[in-house]
Amino acid sequence: MKQHPDEFQAYFKTHFDKWGLTKTECEVGGLILLGLSLREIADRRGTSETTTRQQALSLYKKASVEGRHQLAAYFLEILLAAQTSVKPFVQSGSGSL
């Protein structure tokens, strides 16, 4: 898959915007998708782990996913489906898996 990093960022931003995420939730979501722990995200952003956890929970609720694994799976499933003839399980307009 030869995609430019800016294309991936735009792809994620489109979904984050659709879910109505705040700027902070978008930042936390991007770091979650990079695989950082909540502690690592909090340290990087200069916030407490509790604050970061609350921001992540808010993001998950808006995206209709149960946690970081479903968030990652949401994007992975759509990206993989784009490379094959398989339709993604995710319903259009919904974050539900």
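Preceding this section is the structure that the text describes.
Residues numbered from 1 in each chain as written. Predicted model: local features only at pLDDT ≥ 70, side-chain atom pairs only at ≥ 80, totals over all residues. Heavy atoms only, no water.

Undergrad: Please set out the packing of helix α2 (residues 23-33) against helix α4 (residues 49-63) residue by residue, giving values where relevant.
TA: Packing of α2 against α4 brings their axes to within 9 Å, and their N-to-C directions diverge by 90°. The orientation of α2 relative to α4 falls into the category roughly perpendicular. Two secondary-structure elements touch here, α2 through T24, E25, V28, G29 and I32 and α4 through T52, Q55, A56, S58, L59, Y60 and K62. In terms of residue class, the contact of α2 with α4 is made up of five nonpolar, five polar and two charged. (Axes fitted to C-alpha atoms, helices over the stretch in contact; angles between N-to-C directions. Helix = DSSP H or I, 4+ residues; strand = E, 2+ residues; numbered from the N terminus. Parallel < 35°, antiparallel > 145°, perpendicular 65-115°, else oblique. Contact = heavy atoms within 4.5 Å. Nonpolar A, V, L, I, M, F, W, Y, C, P; charged D, E, K, R; others polar.)

Undergrad: Before we move on, can you summarise the nonpolar core with the specific residues and values?
TA: One finds W19, I32, I41, A56, Y60, L71 and F75 to be the most contacted residues of the largest nonpolar core, which totals 18 residues. Broken down by secondary-structure element, the contributors of at least two residues to this core are α2, α3 (38-45), α4 and α5 (68-82). For Y60, the residues in contact, after removing those within four places along its chain, are I32, V65, G67, R68 and L71. (Core = buried A, V, L, I, M, F, W, Y, C linked by side-chain atoms within 4.5 Å. Buried < 20%, exposed > 50% of the residue type's maximum accessible area, 1.4 Å probe, protein only.)

Undergrad: Describe in detail the layout of surface pockets, supporting the description with residues and values.
TA: Roughly 150 Å³ of volume is contained in the largest pocket. If you trace the largest pocket, you find it lined by F12, F16, G30, L33, L34 and A72. Among the secondary structure elements, those contributing two or more residues to the lining of the largest pocket are α1 (5-18) and α2. Taken together, the residues of the lining of the largest pocket break down into five nonpolar, one polar and no charged. (1 Å grid on protein atoms, 1.4 Å probe; cavity = no way out; pocket = protein on both sides within 12 Å on 5 of 7 lines; lining within 4 Å. Points joined across faces, edges and corners; volume = space filled by probe spheres on them.)

Undergrad: Pulling in residues and values, what's your account of unusual backbone geometry?
TA: Trans is the common state for peptide bonds, and a negative phi is the common state for residues other than glycine. At S64, a position not held by glycine, the phi torsion is positive, near 60°. When you line up the elements, S64 lands in the loop between α4 and α5.

Undergrad: Just give me the short version of α3, but keep the residues and values in it.
TA: What sets the pattern is the α-helix's 3.6 residues per turn: residues three or four places apart point alike. Buried within α3 we find L38, I41 and A42. The arc enclosing the buried residues of α3, seen along the axis, measures out at 100°, which places them on a common side. Of the residues in α3, the exposed ones pointing more than 90 degrees away from the buried face are D43 and R44. With its phi angle positive at about 75°, G46 sits one or two positions after the end of α3. (Arc of directions from axis to C-beta.)

Undergrad: How would you sum up the pattern of salt bridges? Please name residues and give values.
TA: By the definition in use, this model includes six salt bridges. Notably, a salt bridge pairs E49 with R53, separated by 3.6 Å at the nearest N-O pair. Taken together, the residues span about one helical turn, with E49 and R53 both in helix α4 at a distance of four residues. E49 gets classed as partly exposed once you look at its relative accessible area, which sits at 24%. Connected through salt bridges with shared partners, the residues R39, D43, E49 and R53 form a single ionic network. (Salt bridge = Lys/Arg side-chain N within 4 Å of Asp/Glu carboxyl O.)

Undergrad: Please set out the packing of aromatic side chains residue by residue, giving values where relevant.
TA: A full pass over the atoms with the stated rule returns eight aromatic pairs. Seen in terms of ring centroids, Y11 and F75 are 5.9 Å apart; in terms of plane orientation they differ by 75°. Their pairing is edge-to-face. You can see Y11 sitting in helix α1 and its partner F75 sitting in helix α5, a full 64 residues away along the chain. Aromatic pair F12 and F75: ring centres 4.6 Å apart, planes at 80°, arrangement edge-to-face. Note that F12 is positioned in helix α1 and F75 in helix α5, a separation of 63 residues in sequence. Classification of F12 by relative accessible area gives partly exposed; the value is 21%. F75 sits in the buried class, given a relative accessible area of 3%. One aromatic cluster is present, built from ring pairs that chain together Y11, F12, F16, W19, Y74 and F75. (Phe/Tyr/Trp six-rings, centres within 6.5 Å; stacked < 30°, edge-to-face > 60°.)

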